[in-house]
Amino acid sequence: MQDLSTHVESLRRPSLLIRAARAGLADYNRNRDLRRLMQDRLPTPEVAVRHLLDAEARAEQRRQAGDAGYSLTRHVTLMIALLGESRLLERARSGAR
């Protein structure tokens, strides 16, 4: 499997979704936002990225299927957290070198 950060960078999503996530990244608060998405757990960035990738893939499937239960707000929130955790993961890996 490819590196997690590479996998995140290779996601192909609508540009408006990506722009919204990047705009929200400035306000990303790991303690608040990630806990909400992870049922009050605060895992390592690597574990978080794996979980968020799975959750985002499910949201993307619902979006593409036109599922009535699809939530754009949740999808953007997942993308914000995914970008934030991916950055933390990269910083941790850069510091370990």
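One structure accompanies this document, and this report is about it.

Conventions used here
- Residues numbered from 1 in each chain as written.
- Predicted model: local features only at pLDDT ≥ 70, side-chain atom pairs only at ≥ 80, totals over all residues.
- Heavy atoms only, no water.
- Core = buried A, V, L, I, M, F, W, Y, C linked by side-chain atoms within 4.5 Å.
- Buried < 20%, exposed > 50% of the residue type's maximum accessible area, 1.4 Å probe, protein only.
- Helix = DSSP H or I, 4+ residues; strand = E, 2+ residues; numbered from the N terminus.
- Contact = heavy atoms within 4.5 Å.
- Arc of directions from axis to C-beta.
- Polar contact = N/O pair within 3.5 Å; in protein donor to acceptor, adjacent residues only side chain to side chain.

The next thing to look at is the nonpolar core. If you look at the biggest cluster of nonpolar residues, it comprises 23 residues, and the most contacted ones within it are Tyr28, Leu34, Leu52, Leu78, Met79, Ile80 and Leu82. Of all the secondary-structure elements, those providing two or more residues to this core are α2 (15–25), α3 (30–37), α4 (45–65) and α5 (72–95). By residue number, the principal contributor to this core is α5, which donates eight residues. Among residues more than four places away in sequence, those in contact with leucine 52 are Leu34, Leu37, Leu78, Ala81, Leu82 and Glu85.

Turning next to unusual backbone geometry. Among all residues save glycine, negative phi is the norm, and among peptide bonds the norm is trans. Although it is not a glycine, glutamine 39 adopts a positive phi angle of roughly 55°. If you trace the backbone, glutamine 39 turns up in the loop between α3 and α4. In this structure, aspartate 40 is a non-glycine residue whose phi angle is positive, near 70°. The residue aspartate 40 is located in the loop between α3 and α4 in this model. For aspartate 40, a relative accessible area of 57% gives the class exposed.

Bringing α3 into the picture now. Within α3, the full set of buried residues consists of Arg30, Asp33, Leu34 and Leu37. For α3, the angular spread of buried residues about the axis comes to 95°, placing them on one side. On its buried side, α3 packs onto α4 and α5. The opening residue of α3, the one whose side-chain oxygen lies 3.0 Å from the backbone nitrogen of asparagine 31, is asparagine 29. A positive phi of about 55° marks glutamine 39, the residue just after α3.

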